[in-house]
Amino acid sequence: MHVISQQVVKKDHREKMDGSALYVGDYPQKDMLHGSLIRSTLAHALVLEVEYPPLPEGYFWVDCRDIPGENSVPVVEDDLPVFAETEVFYRGDVIAMLVGPDAREVERLAAATIVLYEELPAVLDLDSADTVFFDYAYGRGEVDAAFAQADRVYEEDFSTGYQEQGYLDTQGMIACFRDGTLTIHGSLQCPYYVHGALVKALGLAEDKVRVIQDVTGGGFGGKEAFPSLLAAQVAVAAYKAAGLVGGDDASGGAVGPEVRVVFNRREDMEYTSKRHPSVCHFKAAVKNGRVTALDLDVRFNSGAYTTLSPVVLQRGIISAPGVYAVPHLRVHGRALRTNTVPCGAFRGFGAPQTFFAIERLMDHIAIDLGIEPLDFKLAHLVKQGDPTSTGGLYHYAVPLPQMVEAVLERSDFCAKRQAYAALQEGRYRRGIGISLWFHGAGFTGSGERDFIKARVGLRKDAQGRVEILTANTDMGQGIKTTFAKIVAHELGIPYDKIVVSNADTSFVPNSGPTVASRSLMTVGELLRRAAIRLRDEWMEGEEQLVEEHFSEPGFTVPFDLATFSGDAYPTYSWGVTAVELSFDALTGSNEIVGSWSCFDVGTPVDLAVVVGQMEGGVLQGLGYASLEQMAVDAAGRIRNNSYSDYLLPTALDAPVLDVQLHVVEYPFGPYGAKGAGELPLVGIPAAFIAAAEQALGTDAGGFCHIPLTAEEALALLSAGGEVVA
Amino acid sequence: MRVDFIVNGEKVSWEGDAAQRLMDVLRDDLGLTGVKCGCREGECGACSVLLDGRLVNSCLVAIGRVQGCVVMTIEGYRTSARFALLDRCFAARSAVQCGYCIPGMALAAEALLAVNARPTEAEVREALAGNLCRCTGYNAIVGAVLDAAEAGDWEAGDVSLLGPGSSPGQAHRSHSASAGVGPGSAPEVTEGYTPRSLAEALEMMATEELTPYAGGTDLMVAKEQGRPFLFLHEVEELRHVVEDEQYLRIGAAVTYAELLNDALTPALLQEAVATIAAPGIRNVGTLGGNIANASPKGDGALVCFATDSLLRLASSRGERIMPISEFYRGRGQTALEPDELLVEVLLPKVWLASGDHGFCKVGGRKALAISRVGFAGLFSLEDNRVAHLALAFGAVEDVVIRRPELDALLIGKTVAQARETVAEYLAAWDAALCPVQGRVSAAYRKQVCLNLTADFLDRHLGV
């Protein structure tokens, strides 16, 4: 084990353990104004008029007319408005905000506000969607010829549902406008995304907007793009409040009150971004027992605005062929508009959907051919030096065979798989399944080089303490700790001499967003290099500042988004998981008997941090497969908007999660580290459903969707039963 | 209402709406923001505190309920040596990720270790089942609690006596509710009453329209009522578990946790109660509240149906006893008069003692689950004849279903005769059940009821 892997006490441990950490909802509310959002109650409509109740003094509303800058939140495109203008596109679209000093009164006034609409036709599901936001295609080889020459052609539809991030700390922002500067703090992943959104919405200079990350209680992608929207709404309210009810400070500068919006659980669950529901129509040509061609069609439900859909879709389709070497390949992906909540980032970022489809397709082909699925998969694995789906290269070792061995041994997979294949009777039916996957490390394509251009800094004070200056945020994943370990290691000074504050755009450089499992691999490496420079230039008793900039590793095949060609990722993290389930034949309920995983994320910069990430991701994947059910009803409403209706696994639902690590070092990550955070979730649903198929005896033509419900399972378990749609 | 209680060793006098959540008072008025707000409906455990040493969800406790009580939050607990040990063990496993669940987890661990110094892994998971964590997958947290159990002497000392300043009640703070002084809206202050005896409680019920508050775990989720609460936790006459020749007699304000720990509680009721929510809710939720709340999903009420329990109702005008089957008038509707209290549940012992039972709760998950189908059954065989059969189904229709006339098809028959009648019996249930459509379909509910019934009979008749 590398010395850097040794566990340390996390930088943020103490303040979280003893309850002293302040999350956005914890700030004293005295003298703050409270905001309550007025949302569309229709899925698609023209807003004719908003009738506010008589507002007491000190209360006011904010809408699109109050935006001093542009009514547009930059994500990838610019279609997301801060406040809706004439048309609302989903049930929950924000029309206005009511603001005032008493939270309950604000709620009452917001509830008494009447919006008059002209209802328009709404598109609520993927199959009815006809507006294509994004359409990508790529491929190689002679796909049609391969299908024409195939012995067998397999064709299936796979679908996945919503998944809600379910972070315990709901979205929230507190803003104030004072002396020409807008300061905002809240629960967020990407301070500079929020900063950019506020510069645009308020029309302020970059140095007149300050964004501070509060202690953030989980993000999982849900606080990547959405906080930009909420921040813009709250900032516009703070801007208006400064003019309406603000006072002057002693020197005559304007002092606006703080405006606070912190979502309750239902608002957060119903109206913030989730994982894209998907439908994958996958076709495979098989010749002489081998898959010769794949023709893969991927559709993601974007919801009402584009938000992160293009990049989610890119990762989804690049991952679509899975970990398999297939000579002829055609991939087509579309993100479509519906009048539902805009989807966004969630751990895995498009890959869980397509990995579910390809892993299930490979399982089904193998079963039809009478081959054990795992053997069939191993026979098709990519290896080092093979081309990737987009014509890049697997530059480094592909350790899946060794990782599969590790999982087989720990789980006793082969014996169980064989035993459960026999006809099962009695109340409880068992099954075990396995899946194999990768996660491309870091941003898709050349985003680091072309857009992010990350910068980091290290600031040493006279006492020899070193402060880490990055925009990367710790939401629990441990980046404060791993960054500090890297810097301490290179400087050869104690870990507790390293200071890592929450990101504050007034003094940290833009080291890019905390997304895409990039922070440790990319920003961590910059910090490592910065620390080496500081070590070399170290002057005892002096204040010093060093900076470091991103430079592209030279070995990659440049990625071209227009043609989807080249190295989409410099390297890959790898995952293998076996899941064992037991079904109750009387009720259809399932119990997770166990999960056994092996992950390669390169060198763990902290063993406990990495294992914690892996375990947490596995459990989220297990939840995604069955427990976590969320749907839109005929009115476009999400009913599963509470923790009692959207079920997260409890300590009793989770098995002991067995995790092993395999290390293939990445030379351009710190000490060989690669992307880690997203990987563990990605392939879990496929293993779960493979286990369910075996337990339920539906190996041939089995399950092609998640989440799996107890009703469906029971229908299959009941004699002559058919799957309830 | 004025509420005097002790928080982290400090006396607090608080004045305001008796129905306010303890969580809001702790966070907003006392500044104890280590108490986290995750859902406001008892589904996440982030707001867990110790109330008189027991774990509770502070969002489901009305402030009036803590009159005279001792509350400990993480801010008090963190000053103890016991916390220091947990802290070290959580740190050593890097069990803290986003941290939002952690103060609640620490208090849930304390509540466990205070009564079980050497828990098994399963016991730790059970103890933490009401505290959601979205980050860790629970391995590290469960491991840290086990490590702490291993490393410390948890039987020594009582954390409720630690806290800031070793002599509780020295300091004194007065507070009033911070909410509701907006123009045009007079703060809605709801009074609350804390009677010390049943007679006093009934007198209050006779004088004013009140909502009886036993555990509050359902009332505080709904929390849309204007009537003042009548807090029953200090009425000793409602807190007994005793038996006489015929009945097990359970006071209406006995909590689920007390039932689980009482040797008199029959196995069927133990099994049912163990499936209810999670420890923090079982510590305050009561059997009486479960029945009087009139939800068809009550797991405790289901057992009372299967056992043909009787309910004792009292008012200042007198008492009456009625079978539970006559108590309900539809979903949310009961036979209680406005001035009447449910005071006692009488479980007939005869069939519980002589026969066998079955229980199954089908929920969405293993803890914090609302019943989708509930099944409770009693079966007794005497001289190779079916002496007794009683099935009840919960969460299927608007009221728990108990149909003795169907069970009569098998009662009195020999085992062989009964076997031959099983098909007819199942068909009768098939015809009788009219499940509602909800989070699961009516067809699913019916199928599960019939499957569980067939399985129950199979086990006892060997069909």
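Residues numbered from 1 in each chain as written. Chains lettered and ligands numbered in written order. Predicted model: local features only at pLDDT ≥ 70, side-chain atom pairs only at ≥ 80, totals over all residues. Heavy atoms only, no water.

> Could you give me a rundown of the overall build of chain A, with the residues and numbers involved?
The number of helices and strands found in chain A is 18 helices and 25 strands. In terms of C-alpha radius of gyration, chain A reaches 26 Å, essentially the compact-globule figure of 27 Å for 725 residues. Projected onto its principal axes, the C-alpha positions of chain A cover 85 × 70 × 50 Å. For chain A, the proportion of contacts with a sequence separation of at least 24, taken over those separated by at least 6, is 81%. (Helix = DSSP H or I, 4+ residues; strand = E, 2+ residues; numbered from the N terminus. Rg over C-alpha atoms; globule rule 2.2 N^0.38 Å. Contact = heavy atoms within 4.5 Å.)

> Would you mind going over the pairing of strand β4 (residues 54–57) of chain B in detail, with residue names and values included?
Residue and element names in this part refer to chain B. The pairing of strand β3 (residues 48–51) with β4 spans four bridges and is classified as antiparallel. Each residue of the ladder has a partner; that of valine 49, found in β4, is valine 56. Following β3, the chain reverses through two residues before pairing antiparallel with β4; aspartate 52 in that reversal takes a positive phi of roughly 50 degrees. (Pairing = 2+ DSSP bridges.)

> For the pairing of strand β23 (residues 572–584) of chain A, give the residues involved together with the corresponding values.
Residues and elements named next belong to chain A. For β23, the tally of buried residues reaches 13 of 13 residues, placing the bulk of the element in the interior. Side chains of β23 alternate between two faces, with Tyr572, Trp574, Val576, Ala578, Glu580, Ser582 and Asp584 and Ser573, Gly575, Thr577, Val579, Leu581 and Phe583 buried alike. Judged from the 13 bridges that link them, strand β18 (residues 428–440) and β23 form a sheet pairing that is antiparallel. Bridged to tryptophan 437 within β23 is glycine 575. (Buried < 20%, exposed > 50% of the residue type's maximum accessible area, 1.4 Å probe, protein only.)

> Break down the pattern of salt bridges for me, citing the residues and quoting the values.
Residues and elements named next belong to chain A. Counting across every chain of the model gives 76 salt bridges over all chains. Between lysine 223 and aspartate 169 there is a salt bridge, and its shortest N-O distance comes to 3.7 Å. With a gap of 54 residues between them, lysine 223 in the loop between β11 (209–213) and α5 (226–244) and aspartate 169 in the loop between β8 (152–160) and β9 (172–178) connect regions that are remote in the sequence. Aspartate 169 shares its class with lysine 223; the two are buried. (Salt bridge = Lys/Arg side-chain N within 4 Å of Asp/Glu carboxyl O.)

> So what about the confidence of the model for chain B? Which residues, and what values?
Residue and element names in this part refer to chain B. Averaged over chain B, the pLDDT score is 92; the fraction of residues at 70 or greater is 92%. Within the model, the stretch residues 161–170 combines pLDDT values under 50 with 13 contacts to residues more than four positions away or in other chains. Note on residues 179–187: pLDDT is under 50 here. Beyond four places in sequence and across chains, it has 16 contacts. (pLDDT = per-residue confidence, 0-100.)

> Describe in detail the interface of chain A and chain B, supporting the description with residues and values.
How big an interface is tends to be reported as the loss of accessible area on association of its parts. Taken together, the 76 residues of chain A in the interface contact 69 residues of chain B. When the area that chain A buries against chain B is broken down by residue, the three leading residues are Met17(A), Leu168(A) and Leu652(A), summing to 14%. Connecting chain A to chain B are nine salt bridges. For Arg78(B), the salt bridge is made with Asp18(A), and the minimal N-O distance between the two is 3.9 Å. (Buried area = accessible area lost by both parts, 1.4 Å probe.)

> Give me the lowdown on the nonpolar core, citing residues and values where you can.
Nonpolar side chains in soluble globular proteins tend to end up buried together. Core analysis: the largest hydrophobic core is formed by 286 residues, its most contacted members being Phe5(B) and Ile291(B). In terms of residue count, α5(A) provides more of this core than any other element does, twelve residues in total. Not counting residues up to four positions away in its chain, the partners in contact with Ile291(B) are Ala301(B), Cys304(B), Leu311(B), Ile324(B), Phe327(B), Tyr328(B), Leu342(B) and Val345(B). If you look at the next biggest cluster of nonpolar residues, it comprises 34 residues, including Val8(A), Ile452(A), Ala454(A) and Tyr671(A). (Core = buried A, V, L, I, M, F, W, Y, C linked by side-chain atoms within 4.5 Å.)

> I'd like a description of the domain arrangement of chain B, backed by residues and values.
Residue and element names in this part refer to chain B. Looking at the assigned domains, one finds that chain B contains domain 1 (2–75 + 192–230), domain 2 (78–151) and domain 3 (239–461). Using only C-alpha atoms to locate each centre, domain 1 and domain 2 end up separated by 25 Å. Listed per partner, the contact involves 16 residues of domain 1 and 14 residues of domain 2. Of all residues in domain 1, Leu55, Ile74 and Glu75 bury the most surface against domain 2, accounting for 41% of the area lost on that side. Between the two partners, domain 1 and domain 2, sit zero salt bridges. Joining domain 1 to domain 2, the criterion identifies six residue pairs in polar contact (both at pLDDT 80 or more). (Domains from an automatic or database assignment. Polar contact = N/O pair within 3.5 Å; in protein donor to acceptor, adjacent residues only side chain to side chain.)

> I'd like to hear about the sheet that holds strand β21 (residues 498–499) of chain A, residue by residue, with values.
Residues and elements named next belong to chain A. Read across the sheet, four strands follow the order β21-β20-β19-β22 without closing on themselves; strand pairing throughout is mixed. In this open sheet, the two strands that pair with only one neighbour each are β21 and β22 (544–549). Pairing analysis gives six bridges linking strand β19 (residues 455–460) to β22, with the strands arranged antiparallel. In the strand pairing of β22, arginine 455 is matched with histidine 549. Along the sheet face, helix α13 (residues 479–491) touches β19, β20 (466–469) and β21 and points at about 135 degrees away from the line of β20. Helix α14 (residues 519–537) contacts β19, β20 and β22 of the sheet and is inclined by roughly 140 degrees relative to β22. (Axes fitted to C-alpha atoms, helices over the stretch in contact; angles between N-to-C directions.)

> Pulling in residues and values, what's your account of a nonpolar patch on the surface?
Residues and elements named next belong to chain A. A cluster of nonpolar residues, Leu48, Ile114 and Leu116, forms a patch on the protein surface that exposes about 260 Å² of accessible area. Note that leucine 116 resides in strand β6 (residues 114–119). With relative accessibility at 33%, the residue leucine 116 sits in the partly exposed group. (Patch = residues over 30% accessible without salt bridge, like charges linked within 9 Å, V, L, I, M, F, W, Y side chains within 5 Å. Areas by Shrake-Rupley, 256 points an atom, 1.4 Å probe, with all protein chains shown as cover.)

> Mind laying out the domain arrangement of chain A, listing which residues take part and the relevant values?
All names here are of chain A. Taken domain by domain, chain A comprises domain 1 (31–121 + 171–262), domain 2 (278–444 + 566–719) and domain 3 (447–549). Just the C-alpha atoms count here: the centres of domain 2 and domain 3 sit 34 Å apart. Across the contact, 23 residues belong to domain 2 and 21 residues belong to domain 3. Here domain 2 packs against domain 3, burying approximately 1,600 Å² in sum over the two surfaces, 66% of which is carbon and sulfur.

> So what about the side chain of Arg518(A)? Which residues, and what values?
Residue and element names in this part refer to chain A. Mapped onto the fold, arginine 518 is located in the loop between β21 and α14. For arginine 518, the side chain forms a polar contact with the side chain of glutamate 448, separated by 2.5 Å. Apart from the residues lying within four places of it in its own chain, the contact partners of arginine 518 are Gly442, Phe443, Glu448, Ile452, Ala454, Asn472, Ser511, Gly512, Pro513 and Val523.

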